[in-house]
Every structure is written in structure tokens, then in C-alpha cells.
Amino acid sequence: DELVAEAKAKKKKSTIKIGGRVHIDHWSFSNTDAGINRIESGRIGGAAGDPEQSPENITAFRRLRLEISGTVPQNMKYRLQVDFNNPQTPEIKDAYLGWTNLPNNQTLILGNQKRPLGLDHLNSSRYNVFAERPLAVEAFNEDARRFGLAMYGHNDEESFCWTYGIYNLENINTDGRFIGDSAQAGGYSRLWGSPWYDDTSGGRGYWHWGLAGAVAKPDGNAGAGDTNNNEGRFRTRPLARSSQRWLNTGRIDGADWYQNIGFENILNLGSLQITGEYILTPMQVEDPAAGVDDNLFFHGGYIYASYFLTGEHMPYNRSTGTLARVKPHENFFLVDRCNGCRGNGWGAWQLAFRYDHLDLTDGGVNGGVGNLYTAGLNWYWTPYSKVQNNLVWGEISESGLAANGNNPLDAPVNAGNFLIFGTRFMIDF
Amino acid sequence: DELVAEAKAKKKKSTIKIGGRVHIDHWSFSNTDAGINRIESGRIGGAAGDPEQSPENITAFRRLRLEISGTVPQNMKYRLQVDFNNPQTPEIKDAYLGWTNLPNNQTLILGNQKRPLGLDHLNSSRYNVFAERPLAVEAFNEDARRFGLAMYGHNDEESFCWTYGIYNLENINTDGRFIGDSAQAGGYSRLWGSPWYDDTSGGRGYWHWGLAGAVAKPDGNAGAGDTNNNEGRFRTRPLARSSQRWLNTGRIDGADWYQNIGFENILNLGSLQITGEYILTPMQVEDPAAGVDDNLFFHGGYIYASYFLTGEHMPYNRSTGTLARVKPHENFFLVDRCNGCRGNGWGAWQLAFRYDHLDLTDGGVNGGVGNLYTAGLNWYWTPYSKVQNNLVWGEISESGLAANGNNPLDAPVNAGNFLIFGTRFMIDF
Amino acid sequence: DELVAEAKAKKKKSTIKIGGRVHIDHWSFSNTDAGINRIESGRIGGAAGDPEQSPENITAFRRLRLEISGTVPQNMKYRLQVDFNNPQTPEIKDAYLGWTNLPNNQTLILGNQKRPLGLDHLNSSRYNVFAERPLAVEAFNEDARRFGLAMYGHNDEESFCWTYGIYNLENINTDGRFIGDSAQAGGYSRLWGSPWYDDTSGGRGYWHWGLAGAVAKPDGNAGAGDTNNNEGRFRTRPLARSSQRWLNTGRIDGADWYQNIGFENILNLGSLQITGEYILTPMQVEDPAAGVDDNLFFHGGYIYASYFLTGEHMPYNRSTGTLARVKPHENFFLVDRCNGCRGNGWGAWQLAFRYDHLDLTDGGVNGGVGNLYTAGLNWYWTPYSKVQNNLVWGEISESGLAANGNNPLDAPVNAGNFLIFGTRFMIDF
């Protein structure tokens, strides 16, 4: 009886959980061709860029995030994340309220949340194998979070799960509002499953598949007098924190509809993981600018292999269909012991290699074609902290010069090769 | 003895409480006359506005608030609230330190806090019956919070209570500072009581009266060279999140002194509540602009009735003289039960209707006259969450065109009618 | 066994601690000479300033800080502080991750942290005797915190301690990033000890000595095309919250290297404390502007005496070599007792006097010479709250007019005298 009373009392109280993360980056732009320099030093609106001015190195807080989340009795939840990496311009990340315990193991969430497109975007930045997200995932789901209403569910075994929702296309992370009579909405859905999940080994073996689809209607005719912009645009940085986005279609005039179809796959065998995704994005343009086709087609994907030298594995969360927190067999430590000896533990070490492809050049829009390679070495100190080292090299080709303009780009040029080295120190709590 | 020691130890520790709120808005401007369009599309400084350009719809975070508050042993308290609804420009709300347990049940507070004018402003945005505050309350106490020093007290029975304090007139929510040799101060006080409060029913019946008075001295001669602005101005939005404030006197040149006298009344009979306020605001102008009188008089008020279809009542906090948290008899839920049935609870439902009047047009200042009607339907899911639906319609008349200028307005025009629909989803924790 | 299991479980959990502070300032610029007025009203870039326009009074939040800190098992820590005193431009303060329990009682910290130069800067703003930090400490270590990697350690008795690290010279408190191919780094170190520390009286008597050294390489040739600025600059406000920094070398063209050598001393005898520091700063300039020498030398220091009228003492933290939290013998309170009497406690009262000297004028750079006096009266209400009253007067001489320009200053003028009164109310939690 007492226990019941206690449980009841508990049920009537809100819960609150505080957390955060600190991610610190250094990126060295070691070597870049003249075409890359032009893209990086050119500015939005179309300055030509200086082929001699190579990208500047950067040391920065990548994420300085505070978050607060919890539940409200009996069946609601909330979450609010603020990122202070650029303190003078804080950004909201997750900011929502939701209804839990709905029929069919479902939860309904209203507010700023990740659009369900791209496994690597749905993975937390705390758990991803590489420092920056793949070209295709970031290009077709830039910054992931949008304001929307979405349903999340799964079957009783968590072997088959789904998300579907409707989202506004504008990123409101810095201003918190969408003003405009044009809705710029998109319907997104994702289905996924883990038909093989080796419970007995604690999830050291599993196979994940995922399928995502979206239909979006940007406001391709947004004019200078409108408060909202044309969200018919795909762009991404070169897997590193450059100032400009080196692959960039610009805002495509007359963008009317576009669709995304995404395929996800993870195969995990103990310490080895092989993961790949591909996203197809056809776009229909109404009354396009001169030299641009009515129908455009952009696409891209990646494949990576990662391996723990120290025997750990990448955990997987079945109900969200995403990677989870790695737990080193032994944490890193280096201490003086009482007996005068020095004790140490070396944490977990992981090697990884990724190939990225993205094609944003089609039918007169010259966003560029990227073929990039990333070699990664991760050192996990604790389950909550690690350093990621990424060496990124590759080529961008078929890119227009004024890569950031709002208008269809100039005649394509080969933008050239580059080599970048990045390090990220991270802790979360 | 152990208990005593424990109690002592407790006394010596600071306490800290974390909370927050998420308010999500959608406002549709369904129908507006040309005059309204001119006001909304005209910009500060006096652009004429376009009669064809109707107000844009808006989806926005209305409040994304984090707060931290607590006590410091033995007799001090603090509170700090930051609102990230527009994340790139955070605002402070309450930000103060205070001395508690002073003689006569008094607390003294220094810092950013609400000025004691307008019951509806003193009510928390979490508990108010309507989404936006009444015209008169917001116009004469814009954004409520100012930097000041104020004393709060009550008699032992909490049947008679008071607040008095001195406040700077400038809103420092976004910059946290007042720079200027002119003080722009105002003395504010509020007395209130609840001579009838039905304790036996848990406060289902009560009568609240309140009386507020203020004397303020704006810097009506603030020039371009001064860091501070002239705070002799009254303005408010049309009970909805329009871009511009549709009722607006502008900064009145030469504003020398003004006074506020406010009357409050609540009568609560079970599920029914009838509430009204009226605020009178005479202003004395020294060396007014051409066509403006020496003595101006603005005034406004509202009356509303609200009723719970599901039998709950609006609670009342005697010592603060404000409305409190509604607790639904049954929370909203919709679940699958073990036996295969579906269970549900429907929360609390409340109907409300409000009439608002505000007259900001007098003696050559053409801030406008508003007569607005609001129909509200509130659905409370839990004590911490609800959705508010507000249909707002009415008329603004006798408004100058350049409603946001700093100077006396043009010849009055009838600004016309409008119809707005708004929805607010809210949770707090 | 149970205890062991419990201790182990504890070890595996992250900890999280929340805190903050509210500091409220008022500064009255009672009397200023014409030369001071010219400096305060002149703007960066070199406007001449108006000798008739005296500094404006200011009421402001000096600090509105939230912080979150804790540990991650087993050997890491983190800390994140955000200051909302100017809410529209939040600043990060401490923002780091670190490795603890390293050999030789050492901790390694990466991120935004205080540079180890100037005892008074290393003291928390919560514990300092005077409201604003000494001229020399602030001038040679402006805002203290920089992005860097530093090691903190001490011997087993904590009688001898050290910090050494490398830091970027740019203040990234508001933008969180350093972009630029020039590193602008400095190596800083500090050694300190407390050879006398009277443990038996709880630290009422102690002697602290400290020695700090730094070698820094600013980017004296940073041009308009570079993202980074030339950090070869020393400047500070007049121990009060003026708009401009009244002592200011500007960015010195061609600044190549500079060094800091700092001496610290505290002697505490019960309620009496005598503290002094001196900092020497030679600078080598390459290809200086016309009229500026190749070798410059700036220097300054302060000495203060403080005394508790009520018998308390200023505590000292040996391992950090800084002042700690004052605990009044009796807190301030004023209450009605049950028996009808009024009870009160009067907190702790402290008198203090400081003399400040700073010489930023040398070899054609006319940053100014300051001789300032501060009389302080502190009233501690609780260990967590107090009010500081500071009367500041003195003279600035040999100052160039355009004190904030980026170029060598005009011919020196005597800037004149001034009198300022400031009050700071503070609480922390």
C-alpha cells in the first residue's frame, strides 16, 4: 500500500533532467587548389573569390549545449536545448512538447525536432563515428531540425519502427519563428527495422535497414518583399568547418516541389561496422531561370567501415533506429598510485574510413560534384568523452563559380582538390 | 537533537530550483481592412504602409524560458529567467535578488521584476485565460518587467496585501542596462484584498479587488545625442502576434509626467469567473509638438467571463493577488490497456469571452481607439499543459497612419476591422 | 561490501552542479575634467570627443551568470558558464573539459579558461574586495579568459603550486571561435606558494607569494583582409563601468612579441589583509609606425589594505592561490519574533583602500598614465551576498586624445581628474 501511494505520488510530479555537451574543434586547411580557394573566399551574392586566398584555419567551439528535458504527469514530455557555440547568436535545437503512451507505442511531438531523413543526422553528434556528417545527409537535410508535428512509434518487439510528420522547411534555429503566408511544408516519413539483433551478446551483432521518403513544397517564387525565403536549396560544407558551403545549388528560382528517397543500412559484426546510405532528390521547377531545366535530379550517399582495435562495439538503439553510446572496456586514466607506481588505462581506439559522393550539378544548376574520402581515428577516454581525428581529402568538380549565389550558377569549372585535417575534443554530461 | 542538527544544516545550504516553459503559437490573420494593412506594413519612422499587403501568418515560439530560482540562507532569495523564443536575442525576465522575512510579512526585491500595474500582467502567462494580455494592461504596462526596488507584503491572514516600489521606465530585457543621466523613474503601488475566500471548498469561491497607482516621469526631451530614449509612449498589439503594434501613441515629445490609476476585480463562483479591470492614464506634456495638447488622457479596460465545462475552477493565490494553476479533474490520456481496450481521459475544457477597450487618441495624439472581442476555448491536458484557441475580432478607429513614428501622428483615419485566429500550445516544468 | 558496491556505482555516474550569480551595478560619474570627457565621448576610430559631455550614469546587470559543472567518471571534468548581463549578446566564460588525477596532483584543462596572470583576476568576482579589478591586472590580462590548454598542479602539502599553459590571444567570449592562419599564441605560467598558513586558526593568518611570466606573439601586421585582429593592445576602464576604456594603447602596429612578468603578495593577519601586485610588460615592435619606438615598456601595479570591523577574515585557497568565500560571523536578518520583539543580525562590515598605478605611455604610444585611489566599504549579508561601495578618484595623464584608435596616438595631453561612485549588489548560488 505504501509502495502504491509512493508510486502514485511519483506519478504526479514533473521530472527534469539537465545535460549538455562541449565540443571543441580545430581544422587545418592544409592544401587547396585555386578553384577551392575561389569558392571559399567568394561570398554570398556572388563575389568571384580569390584563387590565391586559401581557407583560414579555425579553432572553435563546435557545440556548447545546455539541455533540459523531462516529463509532466501523466503522459507528456518536453525538451529544450540551447547551443552557445557562437554565444552572441544562441541557437535552439530540440524545443518541443509531446504526448507519450499513445496507442500502438506511439509518441506525438510538436516543435523543433529532427526531420527523419538520413540515419547519420538522426544519430546524436555525441555518438557519430566521424566528426562531420556525410555530404548527402547534410545537403538534403540541412541542420536536420525543423518546426513540425510528428508521430514516433514501434511494434512491441521494437523490430519494426516508424516516424511520420509534417514540417516547415525553414530553419528557425536562430530566430524561433516562421513569418509568411506561404507554408513551405514537407511531409517526411521513415520506416526502419532491425530484423537481426543479437540480444545474447548485448547487441554486438545486428542488421539495421531504413527507408525514408519526403515530399516538400518550397516557395520557389519568394520575392524580395516576402519575409520568408525560398527553401529550394541544397548545400553542405566539405566534411569540415569551412566558412562557405563548397557544394551549393543556391536558392533555385521557381523550385516547386521536391522529393527525397533515402536508403539506410548498418551491418554490425562485433567491433566491425559497415554503414551506408543513399539519398535521391528529384526536383520540379516551375518557370525556371534561363538555362535551367524543368526537372532536376540531385543525389548522393556514403559508405563507411569502422573497427575497434580494443574490442568494443558500436551499440544500437532499436526503437530510435540510431547508434548509441560506446562504452570503453577500460577508461583512460593516468594516476600515481600509493605504492609509488604509475597506473594507467588506455581507453578505446577506433579506426574508420568513409567514402562520400554528392552530385548537386544537373540541368543548368551547378552546385558541384563531390568525391571525398575521410580517414578517422577515434580515442574514447570514457563513455562520455573522446577525441576524433579526421583526415579529409578529395575533389569537387562541375561546380559553378559563384557557388553561393541565389541564382543559377555560371558555367561549370573543375574546382579542384583539397586536404584538410580536423580534430574534435568532446565531452557530454 | 539529531533533527535539530539536520534542520540547522539545511538552513545553511542554498536551494536551487530549475524550471521553464515552452509556448508555441500559430496566428492566422484571416481578414483585415485596408487601414489595418497600412498600419501593419508601415514601418517605424513613418513609411505609409501598403493597403493591399495583409498581415502575414506566423508560427513561432512565443516563450522558450529557462529559469533558476532559490534561496540563500538565511533570509535571501534570487531568481533568474532567460527567454530564448528568439534565440539570437535572448531576453531576461525576472532577474533579481531579495531579502525575505522582513517585518510585517514583507520581502524586498532589487532587480528586474514586474511593475504592479494590471492584474492580467501579474498573472503568469502560464495561468492566464486568454493567450495575449488585454489591450489596456499591455499598453499602460508594456512588457511589465522593469528594473526596480520593491517591497511586497501582506497581513497575517493574507486577506490584505500590498506592493510598492520605484522602477526605471526603460525596458532592459534585451540589453540589461540603463545608460543616461536622466533617471526616467516611476513610483508604483498596488493594494489588493480577498475579503471573501471560501477555504472550505478549496477556493472555489472568492472575490478579489485591487487598486493600483503610479506616478512616472519620462524623459520627454530625450534627444538624438542621448543614450536613453523617451519612455513617454503607450502601445500594444491587437491581442495577437502582429509584427507592428496597431495601437501606438509613438514617443510623445515633451512628455513630462504621467499617472496610472488601475481598478481590478475578480468574482469567482465555482466554474464561472467574471473579471474586469480599468486603467486611467493622464499625461502632462511640457512644450508639446504643434497640434498636441498640454494635457492628454488615455484609458482602457476589459471584462471577461470564463466557464469550465468540466467543473474545474480558476484557483487564486491570495498573497500575490493573482490567478494560479488549474488542475483538471482528469488529465488527458489515450492509451492501450493490457486487456486490449483503449482508455482515455479528456482533460478540462474552458470557454471564455472577453471585451477589450482602449483609447489612445486624445488631444492631437492619434494612437487609435480599439474595441476588440475575443472568444476563447482552452483545453487543459494536465496541470502543466494546455492549448488555447482565441478568435479575435474588432475594430480600430481614430488611428493616425504612421502609427509607429516618434512624432504626433497624422490626421486620424478609421483603420478598420479585422479577424484573427490564434492557437497556443503550452507546457511548463 | 555494500559500501564498496555503492562507492563503485557512484564512481560510474556523471555529476552535475548548477550555479549562478547576479551582480547589479550603479555607477555615478560625479565629476570629470574636460580631458576625461573627451576620452569617454570619443569613439573607436578616433572621433575627437566632446569636452563638455560628461560620462553618463549607468545602472546595469554586471553579471547574470548561469553555470553548469561536474565530473565524468572516472577522471574527467567539465564546466560551462554563460553570462547574460547583456542578454542580446551572451558571453561564454569558463567553457572547458579536463583530465583530473594526473601524476603529481595535476589537472589538464582544454578550452576557455583564465590565463594565470594577475592574482586579482584569478580571484572570483564573487570574492574580490573591490568591485572592479586593478588597472594593471585588467590592462595586461584583459578579461582574463582565453582558449588554451593548461596544466594545474601542486605539491602534496599544497604549499607550492603551479600552472602553465598555452593560450590563443584573442578573446572569443562572444563568438566562440578563432579564425585565422596566424596563431597569436602566448605561453603563460604562474608559480605560487603559501609558506605560512595558520591551519590552527582556520587560516586567519597566511602569507602568499606568486610569480607569473608570459611570452606572447601577437599578429602585429593583421590587415583589413584578415579575419583575426592584432591583439597587441593593452587597455582598461577607470575601475568603473565607463563606456570607453580610459587607458588604452590601441592596437600597436607591428607588435611582434611581448612579455609579462608579474609579482604577487598577500599578507593576512586576522581581519587585516595587505595585498599588492606589480606587472612589467616589455614589447618588441617590428617596423613600427612613424614616431613609435622599436622597444616599448608598459607597467603597473596596486596595493591595498582591507580590514573587517566585525572580526571576520579573508579566507585563502592554497591549491588555487586565490581568495575564497567570506563567512560572516552573523548573517544579516531583520525579523519579527513571535514574542513581538524585532530580531536582527548585522552581517559583516569591511573597510578597504587601494592605490592603483598604470603606465601605458611609452616611446610614442600614448595609452595614458593612471594614478587612482579607491575607498571601499563592503557589507556582507550572508556568505553568498553582499553590497560593495567604491569611491574612485584620481588622475589620468600623458594620454593621447583618440584613446581608442588603432594607430599611435596624438601628442599627449593631461587628461585630468575624476570622481566616481559605484555600488554593486551581488548574490551567488
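Residues numbered from 1 in each chain as written. Chains lettered and ligands numbered in written order. Predicted model: local features only at pLDDT ≥ 70, side-chain atom pairs only at ≥ 80, totals over all residues. Heavy atoms only, no water.

Overview of the overall build of chain A
Just so we agree on the cut-off: In this text, helices come from DSSP runs of H or I with a minimum length of four residues, and strands from runs of E with a minimum of two, each type numbered from the N-terminal end. All radius of gyration figures rest on C-alpha atoms, and the globule criterion is 2.2 Å times the number of residues raised to 0.38. Computed by Shrake-Rupley with a 1.4 Å probe, the accessible areas treat only the displayed protein chains as cover when residues are assessed. Charged residues are defined here as Lys and Arg on the positive side and Asp and Glu on the negative side; His and the ends of the chain fall outside this count. Charged side chains are reduced to one point each, which is NZ for Lys, CZ for Arg, CG for Asp and CD for Glu.
Check the secondary structure of chain A and you find 4 helices and 23 strands. What you see for chain A is a C-alpha radius of gyration of 23 Å, in line with the 22 Å of a compact globule of 429 residues. When its C-alpha atoms are laid out on the principal axes, chain A stretches across 75 × 55 × 45 Å. Here chain A displays about 15700 Å² of accessible surface, and carbon together with sulfur accounts for 53% of that area. Taking the average place of the 39 positive charges on the side chains of chain A and the average place of its 47 negative ones, the gap between the two points comes to 10 Å.

Here's the deal with the nonpolar core
Quick reminder of the rule: Remark: nonpolar core denotes a set of buried residues (Ala, Val, Leu, Ile, Met, Phe, Trp, Tyr, Cys) joined through side-chain atoms within 4.5 Å. We call a residue buried when its accessible area falls under 20% of the maximum for its residue type, exposed when it is over 50%, and partly exposed in between, using a 1.4 Å probe and counting protein chains only. When checking whether two residues touch, look at their non-hydrogen atoms; a contact exists if any pair is within 4.5 Å.
Ranked by internal contacts, the top residues of the largest apolar core, which has 88 residues, are A:Phe61, A:Phe84, B:Phe61, B:Phe84, C:Phe61 and C:Phe84. Apart from the residues within four sequence positions on either side, C:Phe84 is in contact with A:Phe84, B:Val82, B:Phe84, B:Ile92, C:Leu64, C:Leu66 and C:Pro90.

Describing the relation of the copies chain A and chain B
To keep it simple, the criterion reads: Copy-to-copy alignment: least squares on C-alpha atoms, limited to residues at pLDDT 70 or above in both.
The operation relating chain A to chain B is a screw motion whose rotation component is 120°, with 0.0 Å of axial translation and a residual RMSD of 0.0 Å. Such values leave the two copies arranged in the relation of a three-fold axis. Residue by residue, only 9% of the interface of chain A is reproduced at the interface of chain B, so the copies engage with different surfaces.

Focus: the packing of aromatic side chains
Defined as follows: To pair, rings of Phe, Tyr and Trp, with the six-membered ring standing in for Trp, must have centres within 6.5 Å; the planes then decide the type, stacked if under 30 degrees apart, edge-to-face if over 60, and tilted in the middle. Placement of a charge over a ring requires the Lys NZ or Arg CZ to be within 6 Å of the ring centre, with the centre-to-atom vector within 35 degrees of the ring normal.
A complete count under the given rule lists 81 aromatic pairs over all chains for this structure. Aromatic pair A:Phe130 and A:Tyr304: ring centres 5.3 Å apart, planes at 70°, arrangement edge-to-face. Taken together, the residues span a long stretch of sequence, with A:Phe130 in the loop between helix 3 (119–122) and helix 4 (135–140) and A:Tyr304 in strand 15 (residues 295–308) at a distance of 174 residues. For A:Tyr304, a relative accessible area of 3% translates into the label buried. Ring geometry for B:Phe353 against B:Trp393: centres 6.3 Å apart, planes inclined by 50°, an arrangement best described as tilted. With a gap of 40 residues between them, B:Phe353 in strand 20 (residues 348–362) and B:Trp393 in strand 22 (residues 385–399) connect regions that are remote in the sequence. Classification of B:Phe353 as partly exposed rests on a relative accessible area of 39%. A cation over a ring is seen here: B:Arg354 above B:Phe130, with NZ or CZ 4.5 Å from the ring centre.

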